[in-house]
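# Coordinates in review
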Amino acid sequence: MREFVLNCSALEIMGVGLVFFIASYLLFGAVNTLFTRKILPAMQMGKPLDLRSLSAGQYRREIQLSAVTVFIFGAGVIFPWGLLQLGWASLAVDPSLSQILMEMLVLIIWNEVHFYINHRLLHTKLLQRFHLPHHGSIVTTPWTAYSFHPVEALMLGSVLMLPMVLHDFSIHALIFIPLFSLLINTLGHANYDINPASRFFIYQGMRRHQLHHALFNGNYGFMLPFMDKLCGTALQKNSDESVTR
Ligand SMILES: [Zn+2]
Ligand SMILES: [Zn+2]
């Protein structure tokens, strides 16, 4: 895999990137839809978080925006690939399993920080217009995950550039991050509480992001709460269902 990435042409790497992101987006979206709209309700497991209806034409709008995002992410693989070709970044040679796992953990934490910073910027007056298309989905669906303005897609898609310049990551960790990110992203937009009694951190992350869509301000983090807690932007839902900051 490492040799293939290093030796392929610019067109080939963009083609591989496009196939990777198209397949991942369709697969994760379809599986998530199947589980949260069919299988889990049929098993009487969990419940929707926000019971309001979707807006008119929401699915069509989300798919249209996502198609552009998938293209940007897919063709955009040329940027980290370009770092490798220019010699500004390198890939680890024969990394051990422990190195790969440690790198995944570091990139998961970095992804939280990077997402939080960019998401906060997208909520400023200057950049908000590039984030409003994503917030067009007040009640979210698994297909909201990539429903971004192209500028937002470019900002969020830059997540691996800085780490790659600072450290020689394994190709495994670098491929893991977009897959992990898309999985959490589709879960976070599923508008479904899989187990309302559970405090499992992924379920908590799903509730936090749905609340962000419902209220617009607060809960800017990705999956974990630490950035919102550090920066004082966490929303809390009380037992009486009212919301406080
Ligand atoms: Zn937002
Ligand atoms: Zn969202």
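As shown above, the structure is provided for reference.
In this text the structure is predicted, and so the values were computed from the model without any measurement.

This part is about the packing of aromatic side chains. Two numbers describe a pair of aromatic rings. These are the distance of the centres and the angle of the planes. Tallied over the entire structure, the rule returns 11 aromatic pairs. Both rings, one in Tyr116 and one in Tyr220, keep their centres 6.2 Å apart while their planes meet at 85 degrees; by these two values the pair is edge-to-face. Here Tyr220 lies in the loop between α10 (201–215) and α11 (226–231) and Tyr116 lies in helix α5 (residues 97–122), a separation of 104 residues in the sequence. Judged by its relative accessible area of 6%, Tyr220 is buried.

Each pair of donors in an ideal four-coordinate tetrahedral metal site encloses 109.5 degrees, whereas pairs in an ideal six-coordinate octahedral site enclose 90 or 180 degrees. Around the zinc ion (ligand 2), the protein contributes the donor atoms His134 (NE2), His189 (NE2), His209 (NE2) and His213 (NE2), which lie 2.0 to 2.1 Å from the metal centre. Considering all four donor atoms around the zinc ion (ligand 2), angles at the metal cover 90 to 156 degrees and the coordination shape is irregular. Each donor residue of the zinc ion (ligand 2) lies on the same chain, and together they follow the pattern H-x54-H-x19-H-x3-H. Of this pair, His134 sits in helix α6 (residues 132–135) while His213 sits in helix α10, and the two are 79 residues apart along the sequence. Across the pair, exposure class does not vary: His134 and His213 are buried alike.

Bringing the coordination of the zinc ion (ligand 1) into the picture now. Looking at the zinc ion (ligand 1), the protein donor atoms are His119 (NE2), His123 (NE2), His131 (NE2), His135 (NE2) and His212 (NE2), and they sit 2.1 to 2.2 Å from it. In primary sequence terms, the donor set of the zinc ion (ligand 1) follows H-x3-H-x7-H-x3-H-x76-H. Of this pair, His135 sits in helix α6 while His212 sits in helix α10, and the two are 77 residues apart along the sequence. The same class applies to His135 as to His212, namely buried.

Look at helix α9 (residues 171–188): 26 Å from first C-alpha to last across 18 residues, which is about the 26 Å you get at 1.5 Å a residue. Of all the 18 residues making up α9, 13 are buried; the element is thus mostly covered by neighbouring parts of the structure.

It is worth spelling out the nonpolar core at this point. Judged by nonpolar contacts, the single largest core of 47 residues is most densely connected at Tyr146 and Met223. For this core, the element with the highest residue contribution is α9, accounting for eight residues. Every residue in contact with Met223, bar those within four places of it in the chain, is listed here: Ile108, Glu112, Phe180, Ile184, Phe201, Ile202, Gly205 and Arg208.

On to the pattern of salt bridges, then. Under the criterion given, the structure shown has three salt bridges. A salt bridge links Glu3 to Arg2, with the shortest nitrogen-to-oxygen separation between them at 3.2 Å. For Glu3, a relative accessible area of 47% translates into the label partly exposed. When its relative accessible area of 21% is taken as the criterion, Arg2 is described as partly exposed.

The rules behind the values
- Residues numbered from 1 in each chain as written.
- Chains lettered and ligands numbered in written order.
- Predicted model: local features only at pLDDT ≥ 70, side-chain atom pairs only at ≥ 80, totals over all residues.
- Heavy atoms only, no water.
- Phe/Tyr/Trp six-rings, centres within 6.5 Å; stacked < 30°, edge-to-face > 60°.
- Helix = DSSP H or I, 4+ residues; strand = E, 2+ residues; numbered from the N terminus.
- Buried < 20%, exposed > 50% of the residue type's maximum accessible area, 1.4 Å probe, protein only.
- Donors = N, O, S within 2.8 Å, 3.2 Å for Na, K, Ca; no water.
- Tetrahedral: all angles 85-135°; square planar, octahedral: opposite > 155°, others 65-115°.
- Expected span 1.5 Å × (residues − 1).
- Core = buried A, V, L, I, M, F, W, Y, C linked by side-chain atoms within 4.5 Å.
- Contact = heavy atoms within 4.5 Å.
- Salt bridge = Lys/Arg side-chain N within 4 Å of Asp/Glu carboxyl O.

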